[in-house]
Amino acid sequence: MSRDPVTAPPVDDADITAWTAALGLDGLIDLHVHFLPDQVMAKVWGFFDQAGLLAEAGVPVVVHCGNGPVAGPYTGLEVFGEVLAAHPRLVAVLAHAGLPEYDSALELVRRYPEVHLDTTMVGVPFTDALAPLPPDWPARLVDVADRIALGTDFPNIPYDYATQLRAIAGWAAADDRLGAAFLRAVVYDTPGRLLQLDAAGHQG
């Protein structure tokens, strides 16, 4: 019997390849990782310092704008909401689904068609102890299912990579309107579209 990736998520990192294959995918596309050494990061910032308003360029930007883990005077979804009001075409990915302001983050996704959420640290036991998801979270994702993208913070996470995938699979299993199609969208199709990757994984 073939494996159901919704009801049989990866048990550990060694199992991810088999789980991905069960979804009919060759791999995953993770929008939110931290691999850059300092000198490379400096080059990245140098490029954007010389570049024009991201909204016009259509460049997707992953934004940390929630009040977690510590609130500050320039954090919060209401602050970034002002940016989106001024630049409604900005292709934005709200890191960590805006935690702990999940409701406000979803409101921005519904209001602005280019706004997405990433899954980084969302719904895993480590985060649920501090900022638990609303109990009806899977149902809330149904009408924005194509704007949820895989993010993990890898390798800067206090648990294995498969933990995040199990959380996402749990959402897919919790609502019949999500399922395997939702999983494929989150871990491959949506991040691939944002990065403008073709079917072979090459940037267009």
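Everything that follows concerns the structure shown earlier in this document.
Because the structure is predicted, anything quoted here is derived from the model rather than measured.

Colleague: Can you help me understand the nonpolar core in this one?
Modeller: The nonpolar side chains of soluble globular proteins are, as a tendency, buried together. Within the largest apolar cluster, 45 residues are counted, with the highest numbers of intra-cluster contacts made by L94, L117, W137 and F182. Mapped by element, the contributors of at least two residues to this core are α1 (16-22), α4 (77-86), β2 (92-94), α5 (102-111), β3 (115-118), α7 (137-141), α8 (161-174) and α9 (179-194). Among the elements that make up this core, the one with the highest residue count is α8 (seven residues). With sequence-adjacent residues up to four places away left out, L94 is seen in contact with V63, C65, L77, F80, A105, L108, V115, H116, L117 and D118.

Colleague: For this particular structure, what's the right way to read the sheet that holds strand β1 (residues 61-63)?
Modeller: The strands making up a sheet associate through hydrogen bonds between their backbones, and the pairing can be parallel or antiparallel. Across the sheet, four strands lie side by side as β1-β2-β3-β4; this open sheet has parallel pairing. Looking along the sheet, the strands with just one partner apiece sit at the ends: β1 and β4 (148-149). As paired strands, β2 and β3 are joined by three bridges and run parallel to one another. In the sheet register, A92 faces β3, and the bridge partner there is V115. α5 contacts β2 and β3 of the sheet and is inclined by roughly 145° relative to β3.

Colleague: How do you make sense of the packing of aromatic side chains when you look at a structure like this?
Modeller: Aromatic rings considered in pairs are described by the distance between their centres and by the relative angle of their planes. Under the definition given, this model contains five aromatic pairs. For the ring pair F154 and Y161, a centre distance of 5.5 Å and an interplane angle of 80° mean the geometry is edge-to-face. Put simply, the rings of F35, F154 and Y161 touch in pairs and so form one group of aromatic residues.

Colleague: What is the right way to read a nonpolar patch on the surface from this model?
Modeller: Where nonpolar side chains cluster on the molecular surface, the patch consists of V33, F35 and F154 and spans about 260 Å² of accessible area. With respect to the element layout, F35 can be found in the loop between α1 and α2 (38-50). Overall, the relative accessible area of 54% leaves F35 in the exposed class.

Colleague: I'm lost on the environment of H116 in this one. Help?
Modeller: Within the secondary structure, H116 sits in strand β3. Here the alpha-carbon distance between H116 and A97, two residues 19 residues apart in the chain, equals 8.3 Å. With near-sequence residues (within four places) excluded, H116 lies in contact with V91, A92, V93, L94, V109, D146, R147, T190, R193 and L194.

Colleague: I tried to follow the pattern of salt bridges on my own but got confused; where do I start?
Modeller: When charged atoms on two side chains of opposite charge get close, those side chains can pair. Counted under the stated rule, the structure contains seven salt bridges. Measuring nitrogen to oxygen at the nearest pair gives 2.1 Å for the salt bridge that ties R140 to D103. Note that R140 is positioned in helix α7 and D103 in helix α5, a separation of 37 residues in sequence. Residue class for D103 comes out partly exposed when judged on its relative accessible area of 47%. Between D175 and R177 there is a salt bridge; the shortest N-O distance is 2.8 Å. Taking relative accessible area as the criterion, R177 reaches 56% and is therefore assigned exposed. A cluster of three or more residues bridged by salt bridges with shared partners is formed by D103, D136 and R140.

Colleague: Would you mind showing me how to read the packing of α4 against α5 here?
Modeller: What describes two packed helices is the angle between their axes and the distance between those same axes. Across the interface, α4 lies against α5 with an axial gap of 10 Å and an inter-helix angle of 10°. It follows from the interaxial angle that α4 and α5 lie roughly parallel. Together, L77, G81 and L84 of α4 and S104, A105 and L108 of α5 make up the contact between the two elements. Broken down by class, the residue content of the contact of α4 with α5 amounts to four nonpolar, two polar and no charged.

Reading the values: rules and limits
Residues numbered from 1 in each chain as written. Predicted model: local features only at pLDDT ≥ 70, side-chain atom pairs only at ≥ 80, totals over all residues. Heavy atoms only, no water. Core = buried A, V, L, I, M, F, W, Y, C linked by side-chain atoms within 4.5 Å. Buried < 20%, exposed > 50% of the residue type's maximum accessible area, 1.4 Å probe, protein only. Helix = DSSP H or I, 4+ residues; strand = E, 2+ residues; numbered from the N terminus. Contact = heavy atoms within 4.5 Å. Pairing = 2+ DSSP bridges. Axes fitted to C-alpha atoms, helices over the stretch in contact; angles between N-to-C directions. Phe/Tyr/Trp six-rings, centres within 6.5 Å; stacked < 30°, edge-to-face > 60°. Patch = residues over 30% accessible without salt bridge, like charges linked within 9 Å, V, L, I, M, F, W, Y side chains within 5 Å. Areas by Shrake-Rupley, 256 points an atom, 1.4 Å probe, with all protein chains shown as cover. Salt bridge = Lys/Arg side-chain N within 4 Å of Asp/Glu carboxyl O. Parallel < 35°, antiparallel > 145°, perpendicular 65-115°, else oblique. Nonpolar A, V, L, I, M, F, W, Y, C, P; charged D, E, K, R; others polar.

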